[in-house]
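# Notes for the structure review
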Amino acid sequence: MGDFFSKLAEFVAARMDVQDQLDGLPDYRAIMGHRYALRGRTEPLSIFQGEGLALYLFVKAFQPRVVLDLFTGTGFAAAHMAAGHQFTKVYSVDNYSEGGVGDAGWDAACELVQTCDLRNAKLIRGTHPDLMRALDADGVTLGDIDLLFLDGGGKDVSRVFDHPGTVVITHDEPTWLGTADFRLMGGSHLTFHVPPEMLPMCFTILSPYFMIGVSDEVAWRPGLPVGSVR
Ligand SMILES: C[S@@+](CC[C@H](N)C(=O)[O-])C[C@H]1O[C@@H](n2cnc3c(N)ncnc32)[C@H](O)[C@@H]1O
């Protein structure tokens, strides 16, 4: 997975545009890097680069057996999680309804996973019953799902897959479980809904990220894998 970030940067340069839409989030520019949409589209929007890096680091340390990604969008989040650990299986589903992106969205997400050689990422076109069928076909049970990542309408269907012991990470939904837990960026973007005993681990894993992230824009960008792409 060593060259994941350079392959990702190549894909982003060839196929995506920066779509920060930061008007309501001016403080994010320095810390979170960019987010993207497929070239010529405004939706679906990826997570921010900083979030991708945080997800990558989290999977690298936590080494979940199975991750569910609701929903795929550009594939940016799924790709970072799959790159985190080669033995983690990432299932990601999307019906490509958002922005009417349809086949173009599905094709691009598949291409991203292929370009980055992420054989442990399985993309499914559809919605949660299709995901459930894919899990059944692979003999994956709810108990195998160690991590749920939710971005999109996933919060509504996540209860189908959640079970005691699953770590849930939400994008832009800090109060999903009605708890404070561990938040990256003041609670507006990634929130790690983890048991209390995992909070020190979260901080340890993400501390290099914060050391870079709290610096100014110039110091931050070289630290970001695809930061040079505009
Ligand atoms: C903000 S995007 C996800 C971005 C993604 N995390 C990334 O990094 O690119 C939200 C996605 O949720 C999908 N979506 C929303 N509700 C859905 C549902 N019920 N079933 C399947 N996909 C859904 C939309 O099609 C859209 O692509």
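Residues numbered from 1 in each chain as written. Predicted model: local features only at pLDDT ≥ 70, side-chain atom pairs only at ≥ 80, totals over all residues.

### Overview of helix α4 (residues 76-84)
- In terms of residue burial, α4 counts as a mostly covered element, since nine of its nine residues are buried.
- Restricting attention to buried positions, one finds in α4 the residues Phe76, Ala77, Ala78, Ala79, His80, Met81, Ala82, Ala83 and Gly84. (Buried ≥ 20, exposed ≤ 12 C-beta atoms within 10 Å, placed from the backbone. Helix = DSSP H or I, 4+ residues; strand = E, 2+ residues; numbered from the N terminus.)

### Topic: the confidence of the model for the protein
- For the protein, the mean per-residue pLDDT works out to 81, and 77% of the residues sit at or above 70.
- Of all the helices and strands in the protein, helix α9 (residues 217-223) carries the lowest mean pLDDT, 34, while strand β5 (residues 121-125) carries the highest, 98. (pLDDT = per-residue confidence, 0-100.)

### Some details on the nonpolar core
- Residues Ala79, Met81 and Phe149 are the most contacted members of the largest nonpolar core, which totals 60 residues.
- The element best represented in this core is α4, accounting for seven residues.
- The residues contacting alanine 79, other than those within four sequence positions of it, are Leu8, Leu112, Val113, Cys116, Leu118 and Ala121. (Core = buried A, V, L, I, M, F, W, Y, C linked by C-beta atoms within 7 Å. Contact = placed C-beta atoms within 7 Å.)

### Digging into the pairing of strand β3 (residues 66-70)
- The buried fraction of β3 is high, at five of five residues.
- Of the two faces of β3, the one holding Val66, Leu68 and Leu70 and the one holding Val67 and Asp69 are both buried throughout.
- The sheet contact formed by β3 and strand β4 (residues 89-94) spans five bridges and is parallel. The partner of leucine 68 across the bridge, within β4, is tyrosine 91.
- Note on the crossover from β3 through α4 to β4: the handedness is right-handed.
- When β3 meets strand β6 (residues 145-150), the two strands line up parallel, connected through five bridges. The partner of valine 66 across the bridge, within β6, is isoleucine 145. (Pairing = 2+ DSSP bridges. Right-handed = clockwise from strand over helix to strand, strands pointing away.)

### What about the site of the ligand?
- Neighbouring the ligand are 19 residues; Phe71, Gly73, Thr127, Gly152 and Gly153 lie closest to it.
- The set of elements that each furnish at least two residues to the shell around the ligand consists of α4 and β4.
- When the residues that make up the shell around the ligand are grouped by side-chain class, the tally is eight nonpolar, eight polar and three charged. (Near = placed C-beta within 6 Å. Nonpolar A, V, L, I, M, F, W, Y, C, P; charged D, E, K, R; others polar.)

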